[in-house]
Every structure is written in structure tokens, then in C-alpha cells.
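Architecture and fold: a report
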Amino acid sequence: MDKIVIVGGRKLQGDVQISGAKNAALPILVSSLLVDGWNTFHNIPDLLDIKTVKKLLSSFGVKIEGGETVRINAGGITSCEASYDLVRTMRASILVLGPLVARMGEARVSLPGGCAIGARPVNLHIQALRDLGAEVTLKDGYVEAKASRLKGATIYFDIATVTGTENIMMAATLAKGQTILKNTAREPEIVNLAEVLIGMGARIRGAGTDVIVIDGVDSLHPVEASVIPDRIEAGTFLLAAGMTGGDIRVLGCDALHLEALIAKLRDAGMRIELEGDAVRATGGVTVRSVDVKTLPHPGFPTDLQAQIMAMMAIANGLSVITETVFENRFMHVSEMMRMGADIVIQGKSAIVRGIPKLHGAPVMATDLRASASLILAGLAAEGTTTLSRVYHIDRGYQQIEKKLSALGADIRRISG
Ligand code: UD1
């Protein structure tokens, strides 16, 4: 299995281009299930999760061509079953449930099961689909859903769930009558998906707020659309500038999607300048400690919690990082401690006492964002860090080691 080897201590400098957002590309590719005909989607990132969703869609008989621009046609669906083998490697596979039931009248999708960052149930997806009139049963580890035609309903989500909102928003586009979704998640990826669906002829308003209203239509038509830039990838590079005292221009990103992070980076002493669709981040000599609490958008994203913790590990002072979105999303802590970090976990919070320097060590990636945080830690550390289980990073960061070495990092991938 591949490893990433980093020799820390270099200041990162230069420009880096951000890829399309994984979390927008996944539901957008899945939305093709709602349509008969060729859709064209641009700015699709080259990631393991994208390969997985393509494999999943192909297993239904969907035709897919291309790479960064994908042409995709779900005109000839031959199966409505998402097998355990595909779903277990990517929890977002549950996104196919709503669109398949809405267009094909049935779906059988393996339950995603446990996950490294908490239990992550799909009860809200299932309940909302029942509210739309689907008959949903759980059998042999699979969710089975049937409906001759979904019926619009008013649905209240107990928790603002991102993929839950996307799943049900897609399903409701083809339901009979009006659906009102309340307490919906407000992430930019949901807005991106809604724009794609509207381009297909769906009648949706309110995406990006906590109430989404969908007037069902009888059918949708193919669309050509683009995926937004990946705000989590962009945020990770901004943090890389802060952690190495560097100067990085992150190109092709939307600063409005990064407001919560940018506010924290400025508090931490970094200079952040907005230049059109670029964000320039300059790190100072020292990092000031800041407290962080993760929240649904527009709050601080849980997907950047591990990475900002890496920065706080070398900050001047004490920082409290509270994770409110997922339980058990602190697996990177024990690995960072192997690099000398002084961190204590108390319930939902990590108390981080900054130290002047981390030191390199062999560390293991436990999940996608944890791996990014360990790479950041390695870039700032003295000596060599070897990161194993690199496949986690490949799920969500396109060519991270190439992008970092172009900025001056001493980082390479070794196989074996
Ligand atoms: C999405 C993102 C993920 C991000 C997360 C939170 C994708 C593909 N993934 O994941 O990168 O970390 O949002 O921003 O977009 N919950 C339930 N029942 C449900 C669904 C969710 O209890 O049926 C809970 C979860 O356990 C969690 C919270 O709701 O505590 C939010 O999770 P959710 O927004 O659903 O995360 P995902 O959509 O899986």
C-alpha cells in the first residue's frame, strides 16, 4: 500500500488550483438517475470517491464517459440495487435511494453501516422517504423502497443533514404535488445540486436556506452544468500557508464558502486577501491560538476540524476545539500526539496546548480529513513523517502531493 513521506520545515509559496468539490460532484452525478438522456457535467474532480460513484451508477446500467467533463446517461437502467461492496466504501452511496425510487419506483440499497467518524445513521433519509409515501423496509442489511409515484409532503428534519437534504430534494422533484423540507442543511453543495436540478426542469426554491420548497414535475430533461470548487480542499491549502509561515494563492475558489475559516485564520494572525476568485494566505512567524466549534454551514465545517487542530498544535497558547456535528471525530488526535502534540480530549472538545514545533513520526490515516491534518502536521514538523493508509486521502484530495510539492513542499508518494 502507498505511503506519503514528508520532510517538514519548508515554507510553502506559490499558486495552487482548486479542483471541483467532491461533495457537490457526488450528488450531481447521482442526479443523472432522474433523467432519460445525456447530461454533461464539468469540473468533476479525479478522486477515488468519484470512481466509486461511477462504478455504482454503472452497476445500474448508467452509461458514463469522460473524466473532468463527464457525460452521463441513465436512459437504460437495468438494476435498482446498490450492493454492499460498493456502498460500504462510500457512505454517500445512499444518495441513489431517493432518485431511484422517484424515477424507477423502486430501490434496494445496502445500509452503509458503521464508519470511522461515528455511527452516522440514515434514519432521516428513510423517514423522509416514507413521508413522501414510499413503502420502506429494512431487510438483510438493505433498505428496500417502493412507490408507484411519490407524493409531496411537508417534512421536518430533526437534524440538518447534508446528504439527507440532497437525497429527498432529488426525490421530491418527481413527486406529485408540493414538498416542503424544513430544517434543511444549507451547505453550498446543496445549492449547486439545486441549480443542476433546476437546469433539468425541476421547480425548487429556497436551497441554501433552511426551508426548501419543491413543486414536483412529471419528468426532467438533460442538463449541462459545472461543479463548484472544493471549499475543503481550498481551506486545507490556506491552513498549509499558516502552518509553514508561507504565502499561498489559492486559485479558483469561492471565498464566500470559506467565511468561517477565514475569520478564524485572521484571528490566528494570518493575513488573508481576497483577489477575485483567488484567496491569498500569508502565515506569520507565530500562530495565535483560537477556539473552534464545528457547526452546520455557515458555521465552521466539521470537514476542516482536524486540519485546524493541526495548526493549533503549534499555536502560541491554548485552544479548545469542539466537535458538535459528529461524535468520535477525534481519531487524528492520537496520531498528532505521536508527533509531539499536547492534546487532551474532554467529551466533545479537544484541549490543544500549542507547542513550538512538532516532530516527524510514522502516522496512520484513519479517515479522509484526518489524513489531511496529518499531512499539514508533517509539513510543519521537524524531520520526516510517513503517512500510511493513503487511500483515505485519495478519496477526497486530487493529487495532493503534486500540488504541495509544486508549492515547495518536500513530499513524495512511495509504493509498497
Ligand atoms: C456530509 C458530507 C461530509 C460532512 C458532513 C457534515 C457528503 C458526501 N458528505 O455527510 O463530508 O462531514 O456532511 O458536514 O456531502 N444524521 C442522523 N441521521 C441521518 C443522517 C444524519 O442522525 O439519517 C446525523 C449524523 O450522524 C451527523 C449529522 O446528522 O451527526 C450530520 O450528518 P450529515 O449532514 O447527514 O452528514 P453526511 O450527509 O453523511
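Given the structure is predicted, the values throughout are model-derived calculations rather than measurements.

The next thing to look at is the domain arrangement of the protein chain. Assigned domains within the protein chain: domain 1 (3-19 + 229-414) and domain 2 (22-226). Between domain 1 and domain 2, the contact holds 24 residues from the first and 19 residues from the second. Here domain 1 packs against domain 2, burying approximately 1,700 Å² in sum over the two surfaces, 53% of which is carbon and sulfur. Of all residues in domain 1, His 297, Arg 395 and Gln 398 give up the largest surface area on contact with domain 2, accounting jointly for 32% of the area buried on that side. Taken together, domain 1 and domain 2 are joined by two salt bridges. Arg 395 is the salt-bridge partner of Asp 49, the closest N and O atoms lying 2.8 Å from each other. Between domain 1 and domain 2 we count six residue pairs in polar contact (both at pLDDT 80 or more) in total. Mapped by element, the contributors of at least two residues to the side of domain 1 that touches domain 2 are helix 12 (368-380) and helix 13 (391-396). The greatest single-element share of the side of domain 1 that touches domain 2, amounting to four residues, is contributed by helix 13. In terms of residue class, the side of domain 1 that touches domain 2 is made up of eight nonpolar, seven polar and nine charged.

This part takes up the sheet that holds strand 2 (residues 13-17). Strand order in the open sheet formed by four strands is 2-15-17-16, with mixed pairing between adjacent strands. Edge positions in the sheet fall to strand 2 and strand 16 (271-275), since each of these pairs with one other strand and no more. Direction aside, the axes of adjacent strands within the sheet are offset by 15° on average. Bridging between strand 16 and strand 17 (residues 278-282) involves five bridges; their strand directions are antiparallel. Looking across to strand 17, one finds that Ile 272 is bridged to Ala 281. On the sheet, helix 8 (residues 231-244) packs against strand 2, strand 15 (247-251) and strand 17 and is oriented at approximately 170° with respect to strand 15.

Taken together, 19 residues form the shell around the ligand, and within it Asn 123, Thr 161, Thr 163, Asp 303 and Val 325 come nearest. Residue Val 162 places a main-chain N or O atom 2.8 Å away from an oxygen atom belonging to the ligand. Taking 740 Å² as the accessible area of the ligand by itself, protein coverage stands at 89%. When contributions to the shell around the ligand are tallied by element, the ones reaching two or more residues are helix 5 (123-131) and helix 6 (162-173). No other element matches helix 5, which puts three residues into the shell around the ligand. The residue makeup of the shell around the ligand, split by class, is nine nonpolar, six polar and four charged. Composition of the shell around the ligand by domain shows at least three residues from each of domain 1 (3-19 + 229-414) and domain 2 (22-226).

A few words now on the environment of Glu 65. By secondary structure assignment, the location of Glu 65 is in strand 4 (residues 63-66). Among residues more than four places away in sequence, those in contact with Glu 65 are Trp 38, Val 70 and Arg 71.

The buried fraction of helix 1 (residues 22-31) is high, at nine of ten residues. Turning to helix 1, its buried residues are Lys 22, Ala 24, Ala 25, Leu 26, Pro 27, Ile 28, Leu 29, Val 30 and Ser 31.

For the rest of this paragraph, the subject is the pattern of salt bridges. Going through the model one piece at a time under the given rule, you end up with 22 salt bridges. Its salt-bridge partner being Asp 49, residue Lys 22 comes within 3.4 Å of it at the nearest N-O pair. Here the residue Lys 22 occupies a position in helix 1, and Asp 49 occupies one in helix 2 (residues 48-59), the gap between them amounting to 27 residues. The exposure class assigned to Asp 49 is buried, which follows from its relative accessible area of 1%. A single network of salt bridges, built from pairs that share partners, joins Asp 2, Asp 394, Glu 401 and Arg 413.

It is worth spelling out the pairing of strand 11 (residues 178-182) at this point. Consecutive side chains of a regular strand alternate in pointing toward one face of the sheet and then the other. What you see with strand 11 is a clean split: Thr 179 and Leu 181 sit on the buried side and Gln 178, Ile 180 and Lys 182 on the side with no burial. Strand direction decides the pairing type here: strand 10 (residues 154-156) and strand 11, joined by three bridges, are parallel. Across the sheet, Tyr 156 pairs through a bridge with Lys 182, a residue of strand 11. Note on the crossover from strand 10 through helix 6 to strand 11: the handedness is right-handed. Two elements, strand 11 and strand 13 (residues 211-215), share five bridges in a ladder whose sense is antiparallel. Bridge pairing in strand 13 places Gln 178 opposite Asp 215.

Criteria and cut-off values
Residues numbered from 1 in each chain as written. Predicted model: local features only at pLDDT ≥ 70, side-chain atom pairs only at ≥ 80, totals over all residues. Heavy atoms only, no water. Domains from an automatic or database assignment. Contact = heavy atoms within 4.5 Å. Buried area = accessible area lost by both parts, 1.4 Å probe. Salt bridge = Lys/Arg side-chain N within 4 Å of Asp/Glu carboxyl O. Polar contact = N/O pair within 3.5 Å; in protein donor to acceptor, adjacent residues only side chain to side chain. Helix = DSSP H or I, 4+ residues; strand = E, 2+ residues; numbered from the N terminus. Nonpolar A, V, L, I, M, F, W, Y, C, P; charged D, E, K, R; others polar. Pairing = 2+ DSSP bridges. Axes fitted to C-alpha atoms, helices over the stretch in contact; angles between N-to-C directions. Near = heavy atom within 4 Å. Areas by Shrake-Rupley, 256 points an atom, 1.4 Å probe, with all protein chains shown as cover. Buried < 20%, exposed > 50% of the residue type's maximum accessible area, 1.4 Å probe, protein only. Right-handed = clockwise from strand over helix to strand, strands pointing away.

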